[in-house]
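Architecture at a glance
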Amino acid sequence: MGERVFVTGATGRIGLPLVRALRAAGHEVAGLTRTDAGSEALTALGAQVVRGNMDDAEALRRGAEGAEVVYHLAGGVRGPGRITPDLLNRRGTELVIAACAGVPSLRAFVYASSCAVYGDRSNLWVEEDFEPSPNTRYGRSKADAEALVRASTARGDLPGIIARIAAVYGKGFPFMMEEPIRAGRGLLPGEGRNHVPTIHIDDCVAALQVIAAKGRRGEAYHVADRAQPQIKELYALVAAATGGRAPTFWSTYIPSYVQLSAARQNERLWSRLGVKPRFTPDNIRHYTNSVRLRTERLAKELGFGWKYPDPKDGVPAVFASNA
Ligand SMILES: NC(=O)c1ccc[n+]([C@@H]2O[C@H](COP(=O)([O-])OP(=O)(O)OC[C@H]3O[C@@H](n4cnc5c(N)ncnc54)[C@H](OP(=O)(O)O)[C@@H]3O)[C@@H](O)[C@H]2O)c1
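Residues numbered from 1 in each chain as written. Predicted model: local features only at pLDDT ≥ 70, side-chain atom pairs only at ≥ 80, totals over all residues. Heavy atoms only, no water.

With that out of the way, let us pick up the overall build of the chain. Assigned secondary structure in the chain consists of 12 helices and 13 strands. A globule of 323 residues ought to have a C-alpha radius of gyration of about 20 Å, and the chain, at 19 Å, matches this closely. Counting the 323 residues in the chain, one finds 53% classified as buried. Partitioning the contacts of the chain with sequence separation of at least 6, the portion at a separation of at least 24 is 75%. Carbon and sulfur atoms make up 52% of the accessible area of the chain, which totals about 14,200 Å². Across the chain, the 42 positively charged side chains and the 33 negatively charged ones have centroids separated by 5 Å. (Helix = DSSP H or I, 4+ residues; strand = E, 2+ residues; numbered from the N terminus. Rg over C-alpha atoms; globule rule 2.2 N^0.38 Å. Buried < 20%, exposed > 50% of the residue type's maximum accessible area, 1.4 Å probe, protein only. Contact = heavy atoms within 4.5 Å. Areas by Shrake-Rupley, 256 points an atom, 1.4 Å probe, with all protein chains shown as cover. Lys, Arg positive; Asp, Glu negative; His and termini not counted. Charge placed at Lys NZ, Arg CZ, Asp CG, Glu CD.)

Structure below.
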């Protein structure tokens, strides 16, 4: 039978496909959005619109009221101007928890965290019980948000479950670097030998639903592909699928302290102008950190089956469906 579900971040790259899947499964969905475009997209999927920002307690309360499942996805690497990762992810989560804590109908609160909580682990395969050791502001804000979810769950106020999501790929995800690779002008920091865990959007959406259905309160689950190749191997797949050219890794030519200092200045400048900067120290580290996520918990405990366990299958599928 369908459940009542509230989704924050419902209009995002993960949120919209999740809302579509929830509606297809017969659930009654309410999605939070700040914009007209977001409202239209949600209405077109047959979802109810909860109009507002994460600091609008009344909007969050309306969304949470009567909800059986909440997916808290609103957030991101940073916002425009002075919207830091801490404001967006830690503070945002604090406000969403305040609206959801103690809601009697609620049986699962799934928080969209990130593999960025691990920082750089030199290619190590990590399990969910490894201590977070973020080396980015984004990773820190996600680890802090996780701690809030865990604390509220330990108090018995919230049925919190954490999804530590890898870099999601699919049509239109900037992480795929489709346009620069097609145009033969892809540039990336590092040397390409690091491992950045990935997950196909279809598997990400399916895994989030399995976590909501069967995940244990207070636990974290990795949402990542079974195979996690080096980043240069991943982009070679994009190049092969698009007929483009694999990116050039620039660290061979520019020392990392020069890159980080330039990125810091760039972030400062664009945030003063109220714009969302793209070239930041966090972004450099997201492309150069190395870690691999073990996914046994998702597979064995929750019985999850991947549609695309390996990007070797998932990446060509993204472009095949474009045709
Ligand atoms: N994409 C990935 O590879 C990835 C990997 C790991 C973890 N995650 C996490 O998963 C979540 C969803 O990611 P995504 O890629 O789908 O994000 P996205 O495409 O950037 O979308 C962000 C969403 O957050 C909402 N939002 C942003 N600021 C808000 C605010 N102040 N108040 C209310 N809503 C706000 C936006 O809603 P409106 O603009 O409609 O208001 C939008 O729906 C994020 O928390 C992200 O950190 C993503």
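Back to the write-up after that little detour.
Here we take up the site of the ligand. Taken together, 25 residues lie around the ligand, and Thr11, Ile14, Thr33, Arg34 and Tyr138 are the ones closest in. Between an oxygen atom of the ligand and a side-chain N or O atom of Arg34, the distance comes to 2.7 Å. Taking Tyr138, its side chain carries an N or O atom lying 2.7 Å from an oxygen atom of the ligand. Contact with the protein chains removes 85% of the 900 Å² of surface that the ligand exposes when unbound. Those elements that place two or more of their residues in the shell around the ligand are β2 (28-33), β5 (108-114), α5 (137-154) and β8 (167-169). Among the elements that make up the shell around the ligand, the one with the highest residue count is β5 (three residues). (Near = heavy atom within 4 Å. Polar contact = N/O pair within 3.5 Å; in protein donor to acceptor, adjacent residues only side chain to side chain.)

This part takes up the pattern of salt bridges. Inspection of every chain in the model, using the stated rule, returns 24 salt bridges. Its salt-bridge partner being Arg61, residue Glu58 comes within 3.1 Å of it at the nearest N-O pair. In this pair, Glu58 and Arg61 both sit in helix α3 (residues 57-64), three residues apart, roughly one turn of the helix. Classification of Glu58 as partly exposed rests on a relative accessible area of 40%. Taking the relative accessible area as the measure of exposure, Arg61 reaches 39% and is therefore partly exposed. (Salt bridge = Lys/Arg side-chain N within 4 Å of Asp/Glu carboxyl O.)

Quick look at a nonpolar patch on the surface now. Together, Tyr253, Ile254, Tyr257 and Val258 make up an exposed nonpolar region whose accessible area comes to about 460 Å². Tracing the sequence through the fold places Tyr257 in helix α9 (residues 256-272). With a relative accessible area of 63%, Tyr257 lands in the exposed category. (Patch = residues over 30% accessible without salt bridge, like charges linked within 9 Å, V, L, I, M, F, W, Y side chains within 5 Å.)

Let us now look at the sheet that holds β2. Remark on secondary structure: sheet strands pair via backbone hydrogen bonds, oriented parallel or antiparallel. Across the sheet, which stays open at both edges, the seven strands sit in the order β3-β2-β1-β4-β5-β7-β11 with parallel pairing between neighbours. A strand with exactly one partner marks an edge of an open sheet, and here the two such strands are β3 (48-51) and β11 (220-223). Averaged over all neighbouring strand pairs, the angle between strand axes comes to 20 degrees, with direction disregarded. Bridging between strand β1 (residues 4-8) and strand β4 (residues 69-72) involves four bridges; their strand directions are parallel. Among the inter-strand pairings, Val5 is bridged to a residue of β4, identified as Val69. On the sheet, helix α4 (residues 85-100) packs against β1, β4 and β5 and is oriented at approximately 180 degrees with respect to β5. (Pairing = 2+ DSSP bridges. Axes fitted to C-alpha atoms, helices over the stretch in contact; angles between N-to-C directions.)

For the rest of this paragraph, the subject is α5. Relative to the 26 Å expected for 18 residues at 1.5 Å per residue, α5 spans 26 Å between its end C-alpha atoms, a close match to the ideal helical length. Those residues of α5 that fall on the buried side of the exposure criterion are Tyr138, Gly139, Ser141, Lys142, Ala143, Ala145, Glu146, Val149, Ser152 and Thr153. Directly after α5, the chain includes Gly156, whose backbone phi takes a positive value near 85 degrees. (Expected span 1.5 Å × (residues − 1).)

As a further point, take unusual backbone geometry. Positive phi, close to 45 degrees, is recorded for Ser122, a residue that is not glycine. Here Ser122 is to be found in the loop between β5 and β6 (125-126). At Met177, a position not held by glycine, the phi torsion is positive, near 55 degrees. In this fold, Met177 is placed in the loop between β8 and α6 (178-182). Taking the relative accessible area as the measure of exposure, Met177 reaches 10% and is therefore buried.

Function-wise, these values are silent; they only describe arrangement.
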